[in-house]
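# Chains, contacts and geometry: an overview
Here is how the chains run, residue by residue.
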Amino acid sequence: MQYYDTGKFGIIFVLLMVAFILLNIKRAKGEKGLFIRRIPGLNAIDEAIGRATEMGKPVLMVPGIGDETQIGVTAQALTIFAYITRTAIRFGTPIRLCCANATTYALAQEIIRDVYQTEGMMDRMEVESVQFISDRQFAFAAGVSGLIHRERTAATFFLGAFYAESLIFAETANSIGAIQVAGSTQNTQTPFFIAACDYVLIADEFYAASAYLSREPVLVGSLVGQDWSKLLIMALIFVGFLANSVQRTQEIDEKRTADGRWIADEAHKRKASETFLHTLFNPAAKVRGVKVEKTFASLDAYVQERKQELGAQADPVPGGEDEIREQKGQWFRWEVVEDELTRPIEDFVVIAPDGSVLVTQEWRGRRQRPETEMPPAGEGGEAV
Amino acid sequence: MNLFAQAVPPPPSFWNAPHGSNELWLRIGIAFSLGLGLIVAFLFLPTKARKPIVATATFLAGGFWVLYYLWPTPEARGPRDIPEGFFEGVGFWISDAVPIVAGFANIINAFIIGLGIYSLIRVNIHRIKRGQKDWMFSALLIASLITMVVFGYWDWNMKKNDPTVVENWTFVQLTSDLLFDGMFQVMESAMFSIIAFFILSAAYRAFRIRSIEATILLAAALVVMLSLMGALVHWWDGQVSTMAGWESDHFANNFRLSEMANWISANLRTPGIRAIEFGVGLGALAMGLRLWLSLERGGINR
């Protein structure tokens, strides 16, 4: 398999990052004391819970409104909430965890119940500890805002996937003087949280939180693996910057075609699409079929000789016009029978000014099911 | 009622069988027995024994999507194509399985939504019983829930049985419309509109000059906000152009409002957002990997 100029480099890059993460998880299990820098937002968690304990008010946690496709974000938020819950119940502080998604609710209830159980305080788990509010965005926003006002929550944690409701939560909690720690994976909501909350986890600090709080080797190792991946990305950006800076100043007399070939052209400064790194990540369009070189004296000769060669029963059907390797031509579709099944074969036919025929490309389709059978399911079911 | 009625006849694949055939019933029976067996097994197995089952199911489900991403996709697949060779065969199988496997999540969600409604009713009835503060809102919520379900289902059922109802509304359609479009949607819009006022109060606090960072934020925000005010931009840029003597390559042109705002956007905002996206993407990758391989146990097993 050719990886350069086919777009497969992206897959190799992802696999490399996966390897970094797994390798560091293995390393972390063997080593102790890998360093994680201080994250103020996470240090504030204990302070916020302490304040709620002093005031005798509940701690509110909201894991965002992410759906099943964002379960990773929600699971991360719930992992942090498990830590918050453990700390809160040790001080006898009630918790309120509001969910906007039934799946999140089921998951949250299991996790929080498990925390109460391991702490031996099942009797302190209340009906309202974990609750489903609504799966409609603003109904959920109204429900949570109402809860903040009614229960006068002293500490609020908004961690997860938030959208337009983020500021409603943050400003409502601010209006009652609650300490707020927030973090969202949505770029558009982070500024709102920064403006309205006391502490904000920005970007991957949100993902680093569980490692920071628990110091579990798997999580710490994973975090170090992420840092290695970041170094790789940074190195690639630097190499890209250098390579492009040099290449973009070069004057070349060729251009890159859509199918990845370099052909002669007027002298020009190398374009961004003609740089090495661009070709590494952007696959060239594949030409249909395989390259062949067959010449025939005329179109009639092509039909007769090819019919004999393929063992086809009928003449070819002329198809769409196309341009391949700077040659204009037309596809001709044949149907041959193999093991009682038909197989389409198409030739790209270029007719020269003298009437001779050149076949430059041949496409062999798959054998076809008889028409009486129904087509298969799946997204590949559309016509060619 | 025909529970297996489908708008489009299911095409034959590994996941299906011809409509109404014995093979279909056999497959349904096997799937049902397997599902029931799993539920019973989960009920009676000790907690420790459940974990490997969950881990295996997670690995298989995640493995399917990893395979879908990494396995070569069959090119230009026609509706009647027969796969050629092992690689194409697996590729075809994966493509056929995608809608089926994606449907698994919908089935699980259908079960879970019931749990959500149960929680909602339990919490609010508990509040009403205890006569907690603002218990009447809980009563209103339960009443609204029942009313919406009753009228929603009634309306759907009438429209299904009598298509002329769509043209000639009855009391049911009027009430259903009043509840949904007339009340629910309007209240949602009202909640959304509150954000405008919250933005103002949050911005006021954020832009107060308390530190160097807040001052930089204020300056950058001011330039970007002013650059969106047409009349002001016209006046300011005109002054700058006059100062530059209307020379297009004069240094002073860098201080046109639109230029400054574009510079902030292209050189400060975009790289910042990209950096955050890299971090979030890597975090998601690591999290997904830990979930897939059942290494992520911090919240559940401690």
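These lines cover the structure that appears in this document, whether it is placed above or below.

Criteria and thresholds
Residues numbered from 1 in each chain as written. Chains lettered and ligands numbered in written order. Predicted model: local features only at pLDDT ≥ 70, side-chain atom pairs only at ≥ 80, totals over all residues. Heavy atoms only, no water. Disulfide = S-S within 2.5 Å. Buried < 20%, exposed > 50% of the residue type's maximum accessible area, 1.4 Å probe, protein only. Helix = DSSP H or I, 4+ residues; strand = E, 2+ residues; numbered from the N terminus. Contact = heavy atoms within 4.5 Å. Buried area = accessible area lost by both parts, 1.4 Å probe. Salt bridge = Lys/Arg side-chain N within 4 Å of Asp/Glu carboxyl O. Polar contact = N/O pair within 3.5 Å; in protein donor to acceptor, adjacent residues only side chain to side chain. Nonpolar A, V, L, I, M, F, W, Y, C, P; charged D, E, K, R; others polar.

### Focus: the state of the cysteines
All names here are of chain A. For the structure on display, the rule yields 0 disulfides over all chains. With no disulfide of its own, Cys 98 has Cys 99 as its nearest cysteine by sulfur position, at a separation of 7.3 Å. Its relative accessible area of 0% is what places Cys 98 among the buried residues. For Cys 99, a relative accessible area of 0% gives the class buried.

### Considering unusual backbone geometry
Residue and element names in this part refer to chain A. Positive phi is not limited to glycine here, since Arg 215 has a value of about 60°. Summarising the element assignment, Arg 215 is placed in the loop between α8 (205–214) and α9 (217–247). Under the relative-accessibility criterion, Arg 215 is labelled partly exposed at 45%. Backbone geometry at Glu 340 places phi at a positive 65°, although glycine is not the residue there. Topologically, Glu 340 is positioned in the loop between β11 (327–338) and β12 (341–351). Judged by relative accessible area, which is 79%, Glu 340 ranks as exposed.

### Brief notes about the interface of chain B and chain A
Listed as interface residues are 75 residues of chain B and, on the opposing side, 84 residues of chain A. The junction of chain B with chain A conceals about 7300 Å² of combined surface from both sides, 62% of it contributed by carbon and sulfur atoms. Where chain B packs against chain A, one counts 6 salt bridges. At the junction of chain B with chain A, the criterion picks out 19 residue pairs in polar contact (both at pLDDT 80 or more). Residue assignment for the side of chain B that touches chain A shows that the elements contributing at least two residues are α2 (47–70), α3 (85–130), α5 (171–207), α8 (257–292) and α9 (298–301) of chain B. The element that contributes the greatest number of residues to the side of chain B that touches chain A is α3(B), accounting for 18 residues. Partitioned by chemical class, the residues of the side of chain B that touches chain A number 44 nonpolar, 14 polar and 17 charged.

These values are about where atoms sit, not about what they do.
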